Amino acid sequence: MESSLPLVLTRDGNGPLHLQLAEQFRAAIRDGRLQAGHRLPSTRDLARELSVSRSVAQAAYDQLHAEGWIAGRTGSGTYVADVVPLQPVLRTAARPPTPAGPVLLTLRPGIPYISPTVDAGWRRAWREVSGQAPPGGYEDVAGLPELRDALVEHVRRVRGIACGTENLMITEGTSHGLRLLLSVTRRPGDKIAVEDPGYTAAALTAKQFGLEVVDVGVDEDGLQVSDLGTDLSAVYVTPSHQYPLGGRLPVARRNELIRWARRTGATLIEDDYDSEFRYDVAPLPALAQLDLDRVVHLGTLSKVLSPALRLGWLVASPEVVNQLAAYREQVGDWPGWPMQAAFLAMLRDGYLDQVIRRSKRLYADRRNHTCAVLAPYGQIVGQDAGLHITLLLPPATDDQAVAAAARAAGVEVAPLSDYRRTIPGPPGLVIGYATPTDANFHQALTILCDVLRTT
Ligand SMILES: Cc1ncc(COP(=O)(O)O)c(C=O)c1O
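Note that the structure is predicted; figures quoted are calculated from it, not measured. (Residues numbered from 1 in each chain as written. Predicted model: local features only at pLDDT ≥ 70, side-chain atom pairs only at ≥ 80, totals over all residues. Heavy atoms only, no water.)

**A few points about helix 10 (residues 337-349)**
Consideration 1: Taking 1.5 Å of rise per residue, the 13 residues of helix 10 would be expected to cover 18 Å, and the 18 Å separating its terminal C-alpha atoms lies within 8% of that figure.
Consideration 2: Of all the 13 residues making up helix 10, 10 are buried; the element is thus mostly covered by neighbouring parts of the structure.
Consideration 3: Residues Trp337, Met339, Gln340, Ala341, Ala342, Phe343, Leu344, Ala345, Met346 and Leu347 constitute the buried set of helix 10.
Consideration 4: Against the buried residues of helix 10 lie helix 4 (120-130), helix 5 (145-159), strand 5 (168-171), strand 12 (312-315) and helix 11 (351-374).
Consideration 5: Immediately beyond the C-terminal end of helix 10, within one or two residues, lies Gly350, with a positive phi of roughly 85 degrees. (Helix = DSSP H or I, 4+ residues; strand = E, 2+ residues; numbered from the N terminus. Expected span 1.5 Å × (residues − 1). Buried < 20%, exposed > 50% of the residue type's maximum accessible area, 1.4 Å probe, protein only. Contact = heavy atoms within 4.5 Å.)

Right under this line is the structure:
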């Protein structure tokens, strides 16, 4: 008896013969050419038909049998099993259309300068990691213990936070830290205050977790603490460099905020996103330094090295850290070992400090140049720290239209109105000066000035 199929086996790199044979039977059953109950040739007939050894035919049938495509026993014949054919649906990603228009020079805020060449410190850290075997097991859900110890020293030295390892856990960045915190601590009906204008992702995340977002205004010093109600369970705040207007929350307001939190029992979520870069006087210690019972502090590597690394840290009371760690253990949500190990090597080696020092020099020059060039077009705010400035434009200006004109001219900037939710305020542009190469930076500023002159 013959197979009645056009079976073709090749010996030129298409894999073992028995697997080729099995796949051809599978395909025929899948597409209905072989129906349930159809009798297949014996291994002897099949081997003869294909001029292969009988063991090839037998191995193919064994495979199909094990997968459930065929049934029957030696002696009583082999049949196609009762498998209702199911056409697989293959969905390959549609290739996104190539955007038309000029290649954009980016002055968008939020991304540091990333050198296209790899330096020695980076290489040293990864060499150290590549020489270690990965740890086994599912321990260290709060993060690599040695990294937590090293970060305790780092946040003490750089941000003035006196804490212990039990206060600190490793995250995949600020947004991950916020999601983690909200996953564990939110309760139905919770209200969270978020600066307006502010970090859009924070408001969005809070909404996604079912919290009611209360917009709170910001002035040149940052969050307007006196506007906070008493029914809030949390406040998301950027005290070291308000995002995006750039105010630094003064000591009196920090104390007022802590007193308010102690009175109301609310949690202050401190986003310390770009505190490493301060150009006038030393940064104020973090808010977390004042009260770890009320403050959860979120730090990130995103502005220092790259957002692509997805690494950050969270500092809170031991109770909160334990609660988050227990949740992580249940859901399996913590950063991978290689990046943590590399970061540890970078901290120990002094590489992180070196990058911060180097970047600070570059950003200070960039900031000075940006301010000098853009001063004629509006009021510059937030220039004392970080990776961006905000240019406030005359009141009647449509900042979306200015950003669109800049884009059409080849430069990406963020309109300030993108960061506003319900509280009105002047229009403006949020201009990141860190990301481009020197040549692109100067070219982008020249184009932007042309746009500002003509819109
Ligand atoms: C205000 C603010 N906080 C934090 C971050 C960083 O978030 P992540 O650490 O998740 O990259 C950003 C990035 O754009 C930001 O603008």
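So that's the structure; there's more coming.
**Remarks on the sheet that holds strand 16 (residues 414-415)**
Consideration 1: Here four strands make up an open sheet; going across it, the order is 13-14-17-16 and the pairing antiparallel. In the strand order of this sheet, the two ends are held by strand 13 (379-381) and strand 16, each with one partner.
Consideration 2: Pairing of strand 13 with strand 14 (residues 388-392), which is carried by three bridges, proceeds in the antiparallel orientation. Counterpart to Val381 in the pairing with strand 14 is Thr390.
Consideration 3: Of the strands in this sheet, strand 13, strand 14 and strand 17 (428-432) are in contact with helix 11, which crosses strand 14 at around 10 degrees.
Consideration 4: Contacts between helix 12 (residues 399-408) and the sheet are confined to strand 16 and strand 17, with strand 17 contributing the most and set at about 40 degrees to the helix. (Pairing = 2+ DSSP bridges. Axes fitted to C-alpha atoms, helices over the stretch in contact; angles between N-to-C directions.)

**Examining the site of the ligand**
Consideration 1: Within the structure, the ligand sits among Gly173, Thr174, Ser175, Tyr199, Tyr243, Asp271, Tyr273, Thr300, Ser302, Lys303 and Arg310.
Consideration 2: Note that an oxygen atom of the ligand is positioned 2.9 Å from one of the side-chain N or O atoms of Arg310.
Consideration 3: Calculation on the ligand without its partners gives an accessible area of 400 Å², and the protein chains cover 90% of this total.
Consideration 4: Class assignment of the residues belonging to the shell around the ligand gives a composition of three nonpolar, five polar and three charged. (Near = heavy atom within 4 Å. Polar contact = N/O pair within 3.5 Å; in protein donor to acceptor, adjacent residues only side chain to side chain. Areas by Shrake-Rupley, 256 points an atom, 1.4 Å probe, with all protein chains shown as cover. Nonpolar A, V, L, I, M, F, W, Y, C, P; charged D, E, K, R; others polar.)

**Describing the sheet that holds strand 6 (residues 191-196)**
Consideration 1: Taken together, eight strands build an open sheet; the order of strands is 5-12-11-10-9-6-7-8 and the sheet is mixed. Of all strands in the sheet, those bounded by a partner on one side alone are strand 5 and strand 8 (222-223).
Consideration 2: The pairing of strand 9 (residues 234-237) with strand 10 (residues 267-271) spans four bridges and is parallel. Counterpart to Tyr236 in the pairing with strand 10 is Ile269.
Consideration 3: Lying over the sheet, helix 5 contacts strand 5 and strand 12, oriented at roughly 105 degrees with respect to strand 5.

**Structural notes on the packing of aromatic side chains**
Any aromatic ring pair is given by two values, namely how distant the centres are and how the planes are angled relative to each other.
Consideration 1: For the structure shown, the criterion picks out nine aromatic pairs.
Consideration 2: When the centroid spacing of 5.3 Å and the interplanar angle of 80 degrees are considered together, the rings of Tyr243 and Tyr273 count as edge-to-face. Of this pair, Tyr243 sits in the loop between strand 9 and helix 8 (251-264) while Tyr273 is found in the loop between strand 10 and strand 11 (295-300), placing the two residues 30 residues apart along the sequence. One exposure class covers both Tyr243 and Tyr273, and it is buried.
Consideration 3: Taking the centre distance of 6.0 Å and the plane angle of 20 degrees together, the rings of Trp313 and Phe343 count as stacked. Pair noted here: Trp313 is in strand 12 and Phe343 is in helix 10, with a separation of 30 residues, a long-range link. Taken as a pair, Trp313 and Phe343 share a single burial class, namely buried.
Consideration 4: Across the ring face of Phe441, the terminal group of Arg366 is positioned such that the distance to the ring centre comes to 4.6 Å. (Phe/Tyr/Trp six-rings, centres within 6.5 Å; stacked < 30°, edge-to-face > 60°. Lys NZ or Arg CZ within 6 Å of the ring centre and 35° of its normal.)

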